[in-house]
Amino acid sequence: MQETQLPIDITHWILAFAPLLTLLIFLILLRWKAPEAGPIGLFVAAAIAIFFYRTPAETLAVAGGKGVWDAIFILYVVWPALLLYQITERAGAFDALRKGIEKFSSNELFLVLAFGWVFASFLQGISGFGTPIAVVAPLLLALGVRPLYAVIIPLIGHAWANMFGTLAVGWLATLQVIELENLVETAFQTAILLWLPNLAAGFTIAWLFGRMAAIRHSWPMVLIISLIHGGGQLALVLWDPILSTFLPSSLALVVLYPLSRWDRYDKRAETIEERPAMKEQQTQEENVPEGESAGEQEEAEPIMGLWMAGMPYIILTFAAIFALVIPPVEQALEQVEVGLPFPAVETGYGHENEAEEPYSPFTPLTHPGTFLLVATAGGWAIYRYKGYYSEWAEREETSGIWSGLTGNA
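Just so we're clear, the structure is a prediction, and the values are computed from it rather than from any experiment.

## Some words on the overall build of the protein
Scanning the protein from terminus to terminus reveals 19 helices and four strands. Counting contacts in the protein only where the partners sit at least 6 residues apart, residues at least 24 apart contribute 76% of the total.

## Remarks on the environment of E334
Structurally, the position occupied by E334 is in the loop between helix 16 (327–333) and strand 1 (338–342). Assessed through its relative accessible area of 37%, E334 is described here as partly exposed. Placed eleven residues apart in sequence, E334 and A323 show a C-alpha to C-alpha distance of 9.6 Å. Apart from residues lying up to four places away in sequence, E334 is in contact with T363 and T366.

## Overview of the side chain of D95
You can see D95 is positioned in helix 4 (residues 93–102). Assessed through its relative accessible area of 11%, D95 is described here as buried. Apart from the residues lying within four places of it in its own chain, the contact partners of D95 are P302, W392 and R395.

## Quick notes on the pattern of salt bridges
In total, this model carries six salt bridges according to the counting rule given. Its salt-bridge partner being E89, residue R90 comes within 3.0 Å of it at the nearest N-O pair. One salt bridge in this structure joins K99 and D95, with 3.3 Å as the shortest N-O distance. Remark: D95 and K99 occur in helix 4; sequence separation between them is four residues, near one turn of the helix. The pair formed by K99 and D95 is uniform in burial state, with each residue classed as buried. Ionic contacts of the salt-bridge type, sharing partners, join the residues E108, R268 and R275 into one network.

## Quick look at the nonpolar core
With 97 residues, the main nonpolar core has W117, F119 and M304 as its most contacted residues. Considering each element in turn, this core owes the most residues, 17 residues, to helix 9 (residues 183–236). What W117 contacts, discounting residues up to four positions off in sequence, is V112, G157, W160, N198, A201, G202, I205, V222, I225, S226 and H229.

## Some points on helix 17 (residues 368–386)
Look at helix 17: 27 Å from first C-alpha to last across 19 residues, which is about the 27 Å you get at 1.5 Å a residue. For helix 17, every residue scored as buried is listed here: P368, G369, T370, F371, L372, A375, T376, G378, G379 and Y383. Just downstream of helix 17 lies G387, where phi reads positive at about 80°.

## Topic: helix 10 (residues 246–261)
Helix geometry: helix 10 is bent most strongly at V255, by close to 25°, with proline P258 lying one to four residues after it. Along helix 10, the residues that are buried comprise F246, L247, P248, S249, S250, A252, L253, V255, L256, L259 and S260. On its buried face, helix 10 sits against helix 4, helix 5 (108–126), helix 8 (165–177), helix 9, helix 11 (263–266) and helix 15 (311–325).

## With respect to a nonpolar patch on the surface
A surface patch of nonpolar side chains, amounting to about 900 Å² of accessible area, comprises F17, L20, L21, L24, I25, L27, I28, L29, L30 and W32. With respect to the element layout, L27 can be found in helix 1 (residues 10–29). Look at L27 and you get partly exposed, because its relative accessible area is 31%.

## Observations concerning the packing of aromatic side chains
What characterises a pair of aromatic rings is the spacing of the ring centres plus the angle enclosed by the ring planes. Enumeration over the complete set of coordinates arrives at 14 aromatic pairs. Consider the rings of F73 and F362, whose centres lie 5.4 Å apart with planes at 85°: the pair is edge-to-face. Separated by 289 residues along the polypeptide, F73 in helix 3 (residues 57–89) and F362 in strand 4 (residues 356–362) bring together distant segments of the chain. This pair shows no difference in class: F73 is buried, exactly as F362 is. Residues F115 and F119 carry aromatic rings whose centres are separated by 6.3 Å and whose planes lie at 80° to one another, so their mutual orientation is edge-to-face.

Definitions and limits used
- Residues numbered from 1 in each chain as written.
- Predicted model: local features only at pLDDT ≥ 70, side-chain atom pairs only at ≥ 80, totals over all residues.
- Heavy atoms only, no water.
- Helix = DSSP H or I, 4+ residues; strand = E, 2+ residues; numbered from the N terminus.
- Contact = heavy atoms within 4.5 Å.
- Buried < 20%, exposed > 50% of the residue type's maximum accessible area, 1.4 Å probe, protein only.
- Salt bridge = Lys/Arg side-chain N within 4 Å of Asp/Glu carboxyl O.
- Core = buried A, V, L, I, M, F, W, Y, C linked by side-chain atoms within 4.5 Å.
- Expected span 1.5 Å × (residues − 1).
- Bend = angle between axes of the 7 residues up to and from the residue.
- Patch = residues over 30% accessible without salt bridge, like charges linked within 9 Å, V, L, I, M, F, W, Y side chains within 5 Å.
- Areas by Shrake-Rupley, 256 points an atom, 1.4 Å probe, with all protein chains shown as cover.
- Phe/Tyr/Trp six-rings, centres within 6.5 Å; stacked < 30°, edge-to-face > 60°.

Treat this as a map of the structure, not an account of what it does.
What follows is the structure, encoded as structure tokens:
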């Protein structure tokens, strides 16, 4: 094959960046939704490929097919993760988790770190895709955190868990499109780098809450949680990146209980005088609407206990460990492999993409999406048997799980 000089110049650099720039303009400046802006970006990319990069129609079609296949691999995590969130939220499980954690301590800083960092990281480890913000921000508002801080805190708190969170969907998606020479070394070095923002997240949230006084009060908790988060992820990526964020973030959630029994975090921190993240304290009488008594303002007890609220995630943990830790089981499950064949194609500048049969195959029985579906089915069955869905819908007047998924709640 005759070599062709690739057009490496400023014009083609700008053209290559144009689809991404188009997407950003429609999303940020014009405030379009992703399903609306995405096709526009796709159309611009295809037009540039045809008219400026000499891309043959067959090559464009094959590239589009590979893109759809890669998207299916990711969506098989996204959709079950959103479904798992809905079956727990519509059963009142998150209400039980919030009230259960609040009972641990009257220390506001402890609770802000517990929700904004530990719980947000746990949600990112299992579901991701905006769930940590959607769930944690209202919880922080209920604790008395100012609205702007209620959004900023979980954004900072869960950021470290993006690559290996959501059962490592970011890592697995990267492997779908990039060929890495040493997977273990790359994962290990990535985990080292991610430990830094994890530690910084704990101290930053403390600083936002009460500046240096809050940092001095929270540093033992921050170091302990970060050791579990960052150290646990660093150790587990050498074994299985899929569980490297989920298991440490789950363990950190459990460790909140013994930390709350510590005198340091059991009661309100009187040494923290400046609390910019918190709303000004109001008396109980000021908080009670006219015509209601303080007793009427008390929140109802959760409809389930903490262990029951965490049941889907317990099922998920056991399912993933059973499938990935026991070698004979893992080997048997990995026998089922799915992939699509794609023919060899050539670009307009003479670069050949070899035929692949199959392209980017994956094993569905050991895929994170399957573990999420198992946890979803188990949690739904238990909650339905216990009658939590009808009880929670009657209390909160919520719609069904399907309405929550389709955005019609």
